[in-house]
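Close look at the chain arrangement
The chain contents come next:
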Amino acid sequence: MIIDPAAVTALPPTLAEIDKRLSADAVVIAKAIDMLGGFAINLVIALVIFAVTLVAAKWASSAARKILSRTRAVRRDPTVLAFLVQIVRVVVIVIGMIAVLQRLGVQTTSIIAVLGAASLAVGLALQGTLSNVAAGVMLLLLRPYRVGEVIEIGGVTGQVQKLDLFTTQLSTAGSSKVIVPNAKVLGDVITNLSGQTNRRIEIHFTVGYGENLNTVREILTNTAISHFRVLKEPSVWCGVTALQDSAVQVTLQAWVRSDDHFQTQSDLIQAGKEALDRAGVEIPFPHQVSINHGELAMMPAPDQAPVQKD
């Protein structure tokens, strides 16, 4: 009797073969369940570590603020205090993220290798951000300004509210919040308007050419001396500083406390103008002359004598 091989392969599997296949599938499923279970447990633990990291970062920054505020070198400078507190917070978060990655199965050596391989690409992609961080560190070391001082950067004048790793925050006189990148601050001209205890006020007045300049100087000098915010030393100075097209420029200089600068300057401008008005001193202002073109055409030329009529 001849048996066809094709007919043999077409026979249904025996119970032993079915049981063997089911056993193999069960083993695979069990391994998959174990792997998923282990990953789920690690994921939950990683989330717990991340949450604890955020809480720890907040607690560490608060503790660092309390400890550093007791240090004499730091408590007098809010800029340094805020900067160091932020660094402590960032360090705690970085340590927590490394622990999270380790819990998810990423080895520390692998993290270091990946960071080393990607450092060039990250540095090129984030060169603006890294330059802001470097500029922030330089500003902290050089201290051209501190929190609470009034500075001028790039034509913007405001009070420094905050200096962090990336930006400097200003508050203008109109209560507008201006955020300037630290790299731009360090690369621009910084004018610290409140860096000194005293500031000088300089006001330019103009009077007519026919006025008595000694009288004008005396009036403006007495006006500044009589103001209660003007300092006695350095003394008030007033003198002629320019001869303009239609007026004589007289400059008044007075010294005040830095905090009183703007208000005192406004007071002296108003008081000086009113004092000159009371003394009858002429303060020239621009005039406009209207000329009729028809009358201009009828006027004789400068080198032509008028025609005499009989």
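See the structure above.
For the structure given in this document, a descriptive report is provided here. (Residues numbered from 1 in each chain as written. Predicted model: local features only at pLDDT ≥ 70, side-chain atom pairs only at ≥ 80, totals over all residues. Heavy atoms only, no water.)

Our next topic: the sheet that holds strand E2 (residues 156-163). If you trace the five strands from one edge of the open sheet to the other, you get E4-E3-E2-E1-E5, paired in antiparallel fashion. Looking at strand neighbours, the two that pair on one side only are strand E4 (177-181) and strand E5 (190-192), the edges of this open sheet. Each strand axis lies, on average, 40° off the axis of its neighbour in the sheet, ignoring direction. (Pairing = 2+ DSSP bridges. Helix = DSSP H or I, 4+ residues; strand = E, 2+ residues; numbered from the N terminus. Axes fitted to C-alpha atoms, helices over the stretch in contact; angles between N-to-C directions.)

Charged atoms that come close allow side chains of opposite charge to pair. Enumeration over the complete set of coordinates arrives at four salt bridges. Between Glu202 and Arg200 there is a salt bridge whose closest N-O contact spans 3.0 Å. (Salt bridge = Lys/Arg side-chain N within 4 Å of Asp/Glu carboxyl O.)

For the rest of this paragraph, the subject is the pairing of strand E7 (residues 237-243). Note: E7 against strand E8 (residues 248-257), six bridges, orientation antiparallel. In the strand pairing of E8, Cys238 is matched with Leu252. Hairpin connection of E7 to E8: four residues between the antiparallel strands.

Checked against the element boundaries, Thr53 lands in helix H2 (residues 15-69). The buried category is assigned to Thr53, whose relative accessible area is 7%. Within the local environment of Thr53, its side chain forms a polar contact with the backbone oxygen of Ile49, the two atoms lying 2.7 Å apart. With sequence-adjacent residues up to four places away left out, Thr53 is seen in contact with Val92, Ile93 and Gly96. (Buried < 20%, exposed > 50% of the residue type's maximum accessible area, 1.4 Å probe, protein only. Polar contact = N/O pair within 3.5 Å; in protein donor to acceptor, adjacent residues only side chain to side chain. Contact = heavy atoms within 4.5 Å.)

For the structure shown, the criterion picks out zero aromatic pairs. It is Arg199 that lies over the ring of Phe262; its NZ or CZ is 5.6 Å from the centre. (Phe/Tyr/Trp six-rings, centres within 6.5 Å; stacked < 30°, edge-to-face > 60°. Lys NZ or Arg CZ within 6 Å of the ring centre and 35° of its normal.)

Counting residues in hydrophobic clusters, the biggest one holds 20 residues, and the most contacted among them are Val207, Val216, Leu220, Leu252, Leu268 and Leu276. Element by element, the count of residues in this core is highest for E8, at five residues. Not counting residues up to four positions away in its chain, the partners in contact with Leu220 are Phe205, Cys238, Val250, Leu252, Gly272 and Leu276. Counting residues in each nonpolar core, the second largest holds nine residues, with Leu139, Ile151, Leu163 and Val185 among its members. (Core = buried A, V, L, I, M, F, W, Y, C linked by side-chain atoms within 4.5 Å.)

This part is about the packing of helix H8 (residues 213-225) against helix H9 (residues 261-278). Packed helix pairs are specified by the crossing angle of their axes together with the interaxial distance, meaning the distance between the axes. Put simply, H8 and H9 touch, their axes get as near as 9 Å, and they point 140° apart. In terms of orientation, H8 lies oblique with respect to H9. H9 is crossed by H8, and the crossing has right-handed handedness. Contacts from Val216, Ile219, Leu220, Thr223 and Ala224 in H8 reach Leu268, Ala271, Gly272, Ala275 and Leu276 in H9. Split by residue class, the contact of H8 with H9 holds eight nonpolar, two polar and no charged. (Parallel < 35°, antiparallel > 145°, perpendicular 65-115°, else oblique. Left-handed = near helix turned anticlockwise from the far one by under 90°. Nonpolar A, V, L, I, M, F, W, Y, C, P; charged D, E, K, R; others polar.)

The residue Leu170 is located in strand E3 (residues 167-171) in this model. Note: C-alpha distance between Leu170 and Gly148 (22 residues apart in sequence) is 9.4 Å. Beyond its immediate stretch of four places on either side in the chain, Leu170 contacts Ile151, Val156, Gly158, Gln159, Val160, Gln161, Ser176, Lys177 and Val178.

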